[in-house]
Amino acid sequence: MSYGQGGPQSQWDPWKPHTQQPWNSGEDDGTPDWAALAEASETRNKRRKLLFIAGGALATVAIGTAVAVAVVSANGGDPEAGPSNLPATASIPGTGTATPSFEPTSAPPPLNPADFISSAKKDTAPLGPDTLFPGKQVTLGGTVYTKGATDDTSGCASVAGGTLPRILTANGCTRLLRATYTHGDIAVTVGVAVFDDAARAGRAKAQTDDRSIVRSLFGKGGVKPFCDGAFCRSTRNAYGRYAYFTISGFTTGKDVTKNDTAVFGAGNGLAQFTVNQIHRRGQEQAEAAAR
């Protein structure tokens, strides 16, 4: 009985499993065909090299694409993320192999400007009409006010009226500085009373009433008399060791009424300007102390 008959011989393919390996001759002598095996092995090695070369090329293309994307993103910049003109990577600290070390530090808290204008011991910067009311004019809300007469006295009560002289004396006012500003026929005198500390200034302000006024300053700098017998509008407040007042009226001698909004606006604006100047005084001393 013979075996293997009944169909064509299956062809041996080294890349297909379950195919039979051919022999040297029709006789089965148990010896493998070494030449065929060597040829198949060489074919497999060539295919592997081709696969490795193709895979390496694809990887190179992928890496090149990633680098190109990173460079484009860096050069594009992002205004919300900060400046785009960063130095090269090699020069940026912390991009090398060594791990940087830093000593633990803590930034000091910012100095409070109010602390420097609340006590005569800290508030040591030069003080005078020219430092508190600098320049020749001030613009408030689009309106230009020209600075006229200025005054500085240690006799606080002598330049105050109504109930204010008694209040200033009782709380130890040491100086009272005044400046007058004009726009058209409107004139405003600003008065700043100086005390040793914020407690005294605050107490003086709390004791004032509608009859506590600073006297208008005129005659100097070409300022015509105002608020000298006519009804005028006044304000009063305190900040730090300073109490500040305004009196506003007309150089024509007419009374101020509630309909004279320009007079009210001038008094309010110059009061705000004055407190801003006091606060700036504290800021400058705080910055100098921090340096």
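Residues numbered from 1 in each chain as written. Predicted model: local features only at pLDDT ≥ 70, side-chain atom pairs only at ≥ 80, totals over all residues. Heavy atoms only, no water.

Colleague: How should I be thinking about unusual backbone geometry in this particular structure?
Modeller: Most peptide bonds are trans, and most residues other than glycine sit at a negative phi. With a phi angle near 55 degrees, Cys227 is a residue other than glycine that sits in the positive phi range. Along the chain, Cys227 turns up in the loop between strand 6 (212–214) and strand 7 (233–239). The exposure class assigned to Cys227 is buried, which follows from its relative accessible area of 16%. (Helix = DSSP H or I, 4+ residues; strand = E, 2+ residues; numbered from the N terminus. Buried < 20%, exposed > 50% of the residue type's maximum accessible area, 1.4 Å probe, protein only.)

Colleague: What exactly am I supposed to notice about the sheet that holds strand 1 (residues 137–140) here?
Modeller: Adjacent strands of a sheet form backbone hydrogen bonds with each other and so pair up, either parallel or antiparallel. A sheet is described by the order of its strands in space; here 6 strands give the open sequence 1-2-4-5-8-7, paired in antiparallel fashion. Both outer strands of the open sheet, strand 1 and strand 7, are each paired with one neighbouring strand and no more. On average, adjacent strands in this sheet sit at an angle of 25 degrees to one another, irrespective of strand direction. The pairing of strand 5 (residues 186–194) with strand 8 (residues 242–250) spans 9 bridges and is antiparallel. Following the sheet pairing, Ile186 is matched in strand 8 by Phe250. Across the sheet, helix 5 (residues 198–207) lies against strand 7 and strand 8, angled at about 150 degrees from strand 7, the strand it touches most. Contacting strand 1, strand 2 (143–153), strand 4 (175–183), strand 5, strand 7 and strand 8, helix 6 (residues 261–290) crosses the sheet at an angle of about 155 degrees to strand 8. (Pairing = 2+ DSSP bridges. Axes fitted to C-alpha atoms, helices over the stretch in contact; angles between N-to-C directions. Contact = heavy atoms within 4.5 Å.)

Colleague: In this structure, what is going on with the pattern of salt bridges? I would like to understand it.
Modeller: Pairing is possible between side chains of opposite charge, provided their charged atoms come close. The tally for this structure, following the rule as stated, stands at 7 salt bridges. Salt-bridge contacts for Arg281 lead to Asp123; the nearest nitrogen and oxygen are separated by 2.8 Å. You can see Arg281 sitting in helix 6 and its partner Asp123 sitting in the loop between helix 2 (113–116) and helix 3 (129–132), a full 158 residues away along the chain. What makes Arg281 buried here is its relative accessible area of 8%. Arg175 is paired through a salt bridge with Asp152; the nearest N and O atoms lie 2.5 Å apart. Of this pair, Arg175 sits in strand 4 while Asp152 sits in strand 2, placing them 23 residues apart in sequence. Here the salt bridges share partners, and the residues they tie into one network are Asp123, Arg241 and Arg281. (Salt bridge = Lys/Arg side-chain N within 4 Å of Asp/Glu carboxyl O.)

Colleague: Which parts of the structure should I look at to understand the layout of surface pockets?
Modeller: If a probe as big as a water molecule is rolled over the atoms, it shows which places are left empty. Approximately 280 Å³ is the volume attributed to the largest pocket. What lines the largest pocket is a set of 13 residues, among which Ile213, Cys227, Asp228, Ala230 and Ile247 lie closest to the centre. Its residues assigned to classes, the lining of the largest pocket shows 7 nonpolar, 3 polar and 3 charged. (1 Å grid on protein atoms, 1.4 Å probe; cavity = no way out; pocket = protein on both sides within 12 Å on 5 of 7 lines; lining within 4 Å. Points joined across faces, edges and corners; volume = space filled by probe spheres on them. Nonpolar A, V, L, I, M, F, W, Y, C, P; charged D, E, K, R; others polar.)

Colleague: What is the right way to read the state of the cysteines from this model?
Modeller: Throughout this description, disulfide means a covalent bond between two cysteine sulfur atoms. Applying the stated criterion across every chain yields a total of 2 disulfides. Two residues share a disulfide in this structure: Cys156 and Cys173, whose sulfurs sit 2.1 Å from each other. Note on the Cys156 and Cys173 pair: the S-S dihedral is about -75 degrees, so by sign convention the disulfide is left-handed. Here the residue Cys156 occupies a position in the loop between strand 2 and strand 3 (160–162), and Cys173 occupies one in the loop between helix 4 (164–170) and strand 4, the gap between them amounting to 17 residues. Accessibility classification places Cys156 together with Cys173 in one group, the buried group. Disulfide pairing places Cys227 opposite Cys232 at an S-S distance of 1.9 Å. Here Cys227 and Cys232 share a disulfide; its torsion about the S-S bond, -110 degrees, makes the bridge left-handed. Here the protein pairs its bonded cysteines, counted in sequence order, in the arrangement 1-2, 3-4. (Disulfide = S-S within 2.5 Å.)

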